Amino acid sequence: MKEDFLQYVWQYKKFDFSNLKTCSGEKLTIINVGQYLKNSGPDFFNAQIVIGNQKWAGNVEIHVKSSDWYLHNHENDENYDNVILHVVWENDVPVFGKSNSEIPVLCLKDFVSKELLNNYHYLTTEKKWIFCENDLGTVDEFVFNNWLERVFFERLEKKSQLIENLLLQTNYNWEAVLFCMLAKNFGLNTNGETFLKIAQSIPFSVIRKESFEIENLEALFFGYSGLLNSDLEHKYPQNLLSRFNYLVQKHQLVVPIIPPLIFFKLRPENFPTIRIAQLAMLYNKQQNLFSKIMDCNSIDEIYKLLDADVSIYWQNHYHFEKANTTKKRKITKSFIDLIIINTIVPLQFSFAKYNGKDNDEIVLHLLRELKPEANNIIDKFQNIGIKSTDAFMTQSLIQLKTEYCNKHKCLSCSIGLELLKK
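Residues numbered from 1 in each chain as written. Predicted model: local features only at pLDDT ≥ 70, side-chain atom pairs only at ≥ 80, totals over all residues. Heavy atoms only, no water.

A. The arrangement of helix H3 (residues 114-123) in detail. Every buried residue belonging to H3 is among Leu116, Leu117, Asn119, Tyr120 and Leu123, and all of these are buried. Relative to the axis of H3, the buried residues are bounded by an arc of 160° and lie together on one face. In H3, those exposed residues whose orientation departs by more than 90 degrees from the buried face are Lys114, Glu115 and Asn118. Those residues of H3 hidden inside the fold are in contact with helix H1 (3-11), strand E5 (83-90) and helix H17 (414-421). (Buried < 20%, exposed > 50% of the residue type's maximum accessible area, 1.4 Å probe, protein only. Helix = DSSP H or I, 4+ residues; strand = E, 2+ residues; numbered from the N terminus. Arc of directions from axis to C-beta. Contact = heavy atoms within 4.5 Å.)

B. A look at the layout of surface pockets. Empty space within the largest pocket amounts to approximately 920 Å³. Lining the largest pocket are 27 residues, with Asn185, Asn189, Leu338, Asn342 and Glu373 positioned closest to its centre. Of all elements in the fold, only helix H4 (141-169), helix H5 (174-186), helix H6 (188-201), helix H13 (333-354) and helix H16 (391-405) reach the threshold of two or more residues within the lining of the largest pocket. Partitioned by chemical class, the residues of the lining of the largest pocket number nine nonpolar, 10 polar and eight charged. (1 Å grid on protein atoms, 1.4 Å probe; cavity = no way out; pocket = protein on both sides within 12 Å on 5 of 7 lines; lining within 4 Å. Points joined across faces, edges and corners; volume = space filled by probe spheres on them. Nonpolar A, V, L, I, M, F, W, Y, C, P; charged D, E, K, R; others polar.)

C. Local environment of a negative patch on the surface. On the surface, Asp295, Asp300, Glu301 and Glu369 cluster together to form a negatively charged patch. With a relative accessible area of 35%, glutamate 301 lands in the partly exposed category. (Patch = residues over 30% accessible without salt bridge, like charges linked within 9 Å, V, L, I, M, F, W, Y side chains within 5 Å. Areas by Shrake-Rupley, 256 points an atom, 1.4 Å probe, with all protein chains shown as cover. Salt bridge = Lys/Arg side-chain N within 4 Å of Asp/Glu carboxyl O. Lys, Arg positive; Asp, Glu negative; His and termini not counted. Charge placed at Lys NZ, Arg CZ, Asp CG, Glu CD.)

D. Structural detail: the pattern of salt bridges. Evaluated as defined, the whole model comprises 12 salt bridges. Lysine 353 is paired through a salt bridge with glutamate 164; the nearest N and O atoms lie 3.5 Å apart. Of this pair, lysine 353 sits in helix H13 while glutamate 164 sits in helix H4, and the two are 189 residues apart along the sequence. According to the relative accessible area criterion, glutamate 164 is partly exposed, its value standing at 39%. A salt bridge links aspartate 307 to lysine 330, with the shortest nitrogen-to-oxygen separation between them at 3.1 Å. One end of the pair, aspartate 307, is in the loop between helix H12 (299-305) and strand E7 (317-319); the other, lysine 330, is in the loop between strand E8 (322-323) and H13, and 23 residues separate them in sequence. Look at aspartate 307 and you get partly exposed, because its relative accessible area is 26%. Classification of lysine 330 as partly exposed rests on a relative accessible area of 40%. Taken together, the shared-partner salt bridges connect Glu157, Glu164 and Lys353 into one network.

E. Focus on a nonpolar patch on the surface. A contiguous nonpolar patch, built from Leu168, Tyr172 and Tyr354 and spanning about 340 Å² of accessible area, is present on the exposed surface. Note on placement: tyrosine 354 falls in helix H13. A relative accessible area of 46% means that tyrosine 354 is categorised as partly exposed.

F. Just the packing of aromatic side chains, in detail. For the structure shown, the criterion picks out 31 aromatic pairs. Ring geometry for tryptophan 147 versus tyrosine 404: centroids 5.3 Å apart, planes at 75°, classification edge-to-face. Placement of the pair is tryptophan 147 in helix H4 and tyrosine 404 in helix H16, with a sequence separation of 257 residues. Taken as a pair, tryptophan 147 and tyrosine 404 share a single burial class, namely buried. In this structure an aromatic cluster arises from ring pairing among Tyr172, Trp174, Phe290, Phe351 and Tyr354. Just above the ring of phenylalanine 335 sits the side chain of arginine 275; from NZ or CZ to the centre is 3.7 Å. Lying over the aromatic face of tyrosine 318, arginine 329 brings its terminal NZ or CZ to 3.9 Å of the ring centre. (Phe/Tyr/Trp six-rings, centres within 6.5 Å; stacked < 30°, edge-to-face > 60°. Lys NZ or Arg CZ within 6 Å of the ring centre and 35° of its normal.)

G. Just helix H14 (residues 360-368), in detail. Three or more residues of H14 are buried, namely Val363, Leu364, Leu366 and Leu367. Buried residues of H14, seen end-on, are gathered within an arc of 160° and therefore sit on one face of the element. Looking at H14, the residues exposed on the side facing more than 90 degrees away from the buried face are Glu361 and Ile362. Each element contacted by the buried residues of H14 is listed here: H4, H12, H13 and H16.

In structure tokens:
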């Protein structure tokens, strides 16, 4: 038995109300179960009950065993001084409040149906991948789609936290925030955090001033990444190193020690050298990129805006001083799709919220224009009958899996609650 099940039973009144009694034999009538609180303190706030002939208003605490009260040290926490009812599955010890009077106890085990218990045990029985994998396809389509939209916006809110932090760090410079977010996503999962540190270390005012010369941008980006050193023999990297040293002196820059960039197990097109070269070219081609992105009304406009290649040197190099076959290394549409999902949509959402506007339908429309992502989570959902149709759905399913299924939060999930009814 788990506490979240008892919270569900109490919150949604999934027990027999006809002849409720406390563990001491007094008649119990529930007027209002109270408001469920997910933060610290009692589980339900401002409940109303009648015990015997006495009406009470206060808080309700829920535990699997009444002795959990002492296990959690509630007797020393004044937040629990106004608990009027202790709802448990098993009443193993009496619990006393601040006035040394015993807190009334309701033992739910005596009032919950076997059918509900069986449904709960079936839902939470370990399966191969997720608890509800055998029954997910039976969930009402309206319930399923509404829950996907809910978890999608939860995911957007979570992504917005980084944007809010960057806004504070950049004194609310949205262009600088965009640069940091783009850098993080150009680094992908492998080098994303390192790329972000590089972007945060370079004042955006310097990038704006030096963006008219591609060599200066490359010198800054490669210099901060630690990839330029005096051992390089070719003319081009030597030129970049010379420019970098000049720019550091010119702008009085402080260059921090950055963790080494990772090349291992990456496809050459995703090497950090290529992604840095593409990011430099993008900022060389586009001024005021944030405002331009905010003005985009379609996927095609974003594709055109973010269309960038690499400088001549990187068309036949993946590393400094190691030549390869000459090849244009443009930012692909599939990579731009990732940028839209992980940078542009969160920024549009955050910018609208910052200005007190609602653009939910706009960001939903944008993601519904994109092809579904391909990853292990999406493949597994497809294997159990849930086929993704677009990027909105894949983002929602990723949030569902990572924040609900992985954490076994079935009773905080509309899908789990719907299945429990069956």
